[in-house]
Amino acid sequence: MKLPKEFYTRPDVVEVSRDLLGKFLYSNIDGVLTGGMIVETEAYCGENDKACHAHLGRRTKRTEIMYQEGGVTYTYLIYGMYTLFNIITNVSGRADAVLVRAIEPTEGLKEMQLRRNLPKIQPNLTAGPGLLTQALGITTKHYGENLSGNLIWLEDQGIVIPETEILESPRVGIAYAEEHALLAWRFRVKENPWTSKAK
DNA sequence: ATAAAGATCATT
DNA sequence: ATGATCTTTATG
């Protein structure tokens, strides 16, 4: 079943980020159903987090959505070529978000392979934040999409990743965040081949 | 108006 | 290690 709004509006984005492992992310874009199980996430904690786009309460056209109540998408273009997909969490006024970094594909494999322009199903199909959006057909057009809708949504299918199977490590690509660069807010399913390669 | 940097990835 | 590629953001 779909995750209820209360899943997203919880106050601790780090906890939500951890809980998202084992949940299923689906998209039905251009009439194509694709999706998979989330195996890697990162938490971004609002104004007090130097790595967060809403650091120091920054409010711009891009970050505006982060201040909404949890349960909507935050997509944006990075390095001129990749769309990253985030889930907004916490109550209205708190700019917390979870970056989905990798999924284990389960639905619409063929279509995802086509979108990624790959010769066969291989580990880099959906292993990386810029790659899974390509596979799922998610672009910046899907900014602010409500996750209770039928375009992009998440489901709980009863899978629980035991705590001993969760790997916690520092986030990727945020060296500029100084002391916050060391926080272990990246969560991965241990030994899952569909997690991203980034250091 | 201009410039710099970026929550990445594939290639050398 | 480097290049691709372009939006967002800060600054003047």
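Residues numbered from 1 in each chain as written. Chains lettered and ligands numbered in written order. Predicted model: local features only at pLDDT ≥ 70, side-chain atom pairs only at ≥ 80, totals over all residues. Heavy atoms only, no water.

- As recorded in an unreviewed UniProt entry, chain A goes by Putative 3-methyladenine DNA glycosylase and comes from Adhaeribacter soli.
- Under the UniProt heading Sequence similarities (unreviewed entry), the entry covering chain A gives this text: "Belongs to the DNA glycosylase MPG family." (UniProt positions renumbered as here; feature names shortened; annotations may be inferred.)

**Some words on the protein's contact with DNA strand B**
Here comes step 1: The full set close to DNA strand B counts 24 residues, and His53, Tyr79, Asn86, Gly130 and Tyr176 are the nearest of them.
Here comes step 2: Among all atoms of DNA strand B positioned within 4 Å of the protein, those belonging to sugar or phosphate total 53%.
Here comes step 3: In this structure, a sugar or linking oxygen belonging to DNA strand B sits 3.1 Å away from a side-chain N or O atom of Tyr82.
Here comes step 4: Gly130 has a polar backbone atom sitting 2.8 Å from a phosphate oxygen of DNA strand B.
Here comes step 5: At the level of secondary structure, the elements contributing two or more residues to the surface near DNA strand B comprise strand 3 (73–78), strand 4 (82–89), strand 5 (96–107) and helix 4 (129–136). (Near = heavy atom within 4 Å. Polar contact = N/O pair within 3.5 Å; in protein donor to acceptor, adjacent residues only side chain to side chain. Helix = DSSP H or I, 4+ residues; strand = E, 2+ residues; numbered from the N terminus.)

**Re the nonpolar core**
Here comes step 1: Residues Leu20, Leu25, Ile38, Phe85, Ile87, Val100 and Leu154 are the most contacted members of the largest nonpolar core, which totals 39 residues.
Here comes step 2: With sequence-adjacent residues up to four places away left out, Leu25 is seen in contact with Thr34, Gly35, Gly36, Ile38, Phe85, Val100, Ile103, Leu132, Leu136, Ile152, Trp153 and Leu154.
Here comes step 3: Tyr76, Ala95, Leu99 and Ala177 belong to the second-largest nonpolar core, a separate cluster that totals 18 residues. (Core = buried A, V, L, I, M, F, W, Y, C linked by side-chain atoms within 4.5 Å. Buried < 20%, exposed > 50% of the residue type's maximum accessible area, 1.4 Å probe, protein only. Contact = heavy atoms within 4.5 Å.)

**So, the protein's contact with DNA strand C**
Here comes step 1: Every residue near DNA strand C is listed here: Arg58, Thr60, Arg62, Thr63, Leu77, Tyr79, Gly80 and Met81.
Here comes step 2: What you see for DNA strand C is that sugar and phosphate hold 74% of its atoms within 4 Å of the protein.
Here comes step 3: One of the side-chain N or O atoms of Arg62 is found 3.2 Å from a phosphate oxygen in DNA strand C.
Here comes step 4: Within the backbone of Tyr79, an N or O atom sits 2.5 Å from a base oxygen of DNA strand C.
Here comes step 5: Looking at the surface near DNA strand C, its residues break down into 3 nonpolar, 3 polar and 2 charged. (Nonpolar A, V, L, I, M, F, W, Y, C, P; charged D, E, K, R; others polar.)

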